[in-house]
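Per-entry structural report
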Amino acid sequence: NLSSPLSIAGSLALSILFTLIGGMYLHLHFPKIMCSLRRLSLVVTIVILNLGFAKFVEVLLVHTSYNYLDLVRYPVFVPFAALLISMLVNVRVAIFSCGFLAIVMALTLVVEWDGFLLINLLVSIVVVLSSSNLRKRKDVFKTCLKGFLVALLASLSWNLYEDPSL
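Please read these numbers as outputs of a predicted model, since none were measured by experiment. Along each chain, the written sequence defines residue order, and numbers are assigned to residues from 1. Restriction of local features to residues with pLDDT of at least 70 applies here, the model being predicted, together with a cutoff of 80 or more for giving and counting side-chain atom pairs; totals for whole chains, interfaces and linings are based on all residues. The basis for every side-chain value is the complete set of heavy atoms in the structure, and neither hydrogens nor water enter the calculation.

1. With respect to the overall build of the protein
The helix and strand inventory of the protein stands at 7 helices and 0 strands. The numbering of helices and of strands both runs from the N terminus, where a helix is a DSSP run of H or I of at least 4 residues and a strand a run of E of at least 2. Starting at the N terminus and ending at the C terminus, the protein contains elements arranged as α-α-α-α-α-α-α. C-alpha atoms define the radius of gyration in this analysis, and the globule rule sets the expected value at 2.2 Å times the number of residues to the power 0.38. Computed over its C-alpha atoms, the radius of gyration of the protein comes to 17 Å, within 12% of the 15 Å expected for a compact globule of 166 residues. With the C-alpha coordinates of the protein rotated into their principal frame, the extents come out at 50 × 40 × 25 Å. Three exposure classes are used, based on accessible area relative to the maximum for each residue type with a 1.4 Å probe and protein chains only: buried under 20%, partly exposed in between, and exposed over 50%. Out of the 166 residues belonging to the protein, those deemed buried represent 33%. Carbon and sulfur atoms make up 71% of the accessible area of the protein, which totals about 10500 Å². His is not counted, nor are the chain ends, whereas Lys and Arg count as positive and Asp and Glu as negative. Think of each charge as sitting on NZ of Lys, CZ of Arg, CG of Asp or CD of Glu. The positive charge centre, built from 12 side chains, and the negative charge centre, built from 7, are 25 Å apart in the protein. Note on areas: Shrake-Rupley with a 1.4 Å probe; residue coverage comes only from the protein chains shown.

Quick look at the structure:
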């Protein structure tokens, strides 16, 4: 039961642990980001907004009269943050952030964690690698299209892997 106090406390403890590890990683490998209040607040804001949006959508999906969670089995939230961080901060920080966000969301959201983690990491990595040299708005749309195609292929592949009788 994910709404029990022990589950919430465990999720909170794991999230704090991953946040501290993430802060140590940024401090060791990106001291300029840790010294710059603007860049650090940008990264933190993007991460917190992404986590908040994911939790809001989860509440909408779970607490409606019709169970939409069966239709949206693996919501893809992480690539949005990865694209923003990659464009605004750094590609290496974006790769780390997408791994951090995917793990924290897989632990705290009411989704099947293995498929969620796989699809979000695959799409995020494709989005970050495709966004390394964006110059025009058209390039952003191409990057999003690549991410969408990877999400479709990964979702189809995961569903075939889970249930070969389809």
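2. Regarding the state of the cysteines
Here, the term disulfide refers to a pair of cysteine sulfur atoms separated by no more than 2.5 Å. Following the criterion strictly, the structure yields 0 disulfides and no others. Of the cysteine sulfurs around Cys98, a residue in no disulfide, the closest is that of Cys144, at 15 Å. Residue classification places Cys98 among the buried residues on the basis of a relative accessible area of 2%.

3. Describing the pattern of salt bridges
Whenever a carboxyl oxygen of Asp or Glu lies within 4 Å of a side-chain nitrogen of Lys or Arg, that contact is scored as a salt bridge. Scanning all chains against the criterion turns up 1 salt bridge. A salt bridge links Glu58 to Lys55; the shortest N-O distance between them is 2.8 Å. Here Lys55 and Glu58 lie together in helix H3 (residues 37-62), a separation of 3 residues that amounts to about one turn.

4. Side note on the packing of aromatic side chains
When the centres of two rings from Phe, Tyr and Trp lie within 6.5 Å, Trp using its six-membered ring, the rings pair. Their planes under 30 degrees apart give stacked, over 60 give edge-to-face, and anything left gives tilted. Enumeration over the complete set of coordinates arrives at 4 aromatic pairs. A centroid spacing of 4.2 Å and a plane angle of 20 degrees characterise the contact between Tyr25 and Phe96, whose relative ring orientation is stacked. Here Phe96 lies in helix H5 (residues 91-108) and Tyr25 lies in helix H1 (residues 5-29), a separation of 71 residues in the sequence. Judged by its relative accessible area of 24%, Tyr25 is partly exposed. Relative to Phe77, the ring of Phe53 has its centre 5.9 Å away and its plane inclined at 90 degrees; by these criteria the two rings are edge-to-face.

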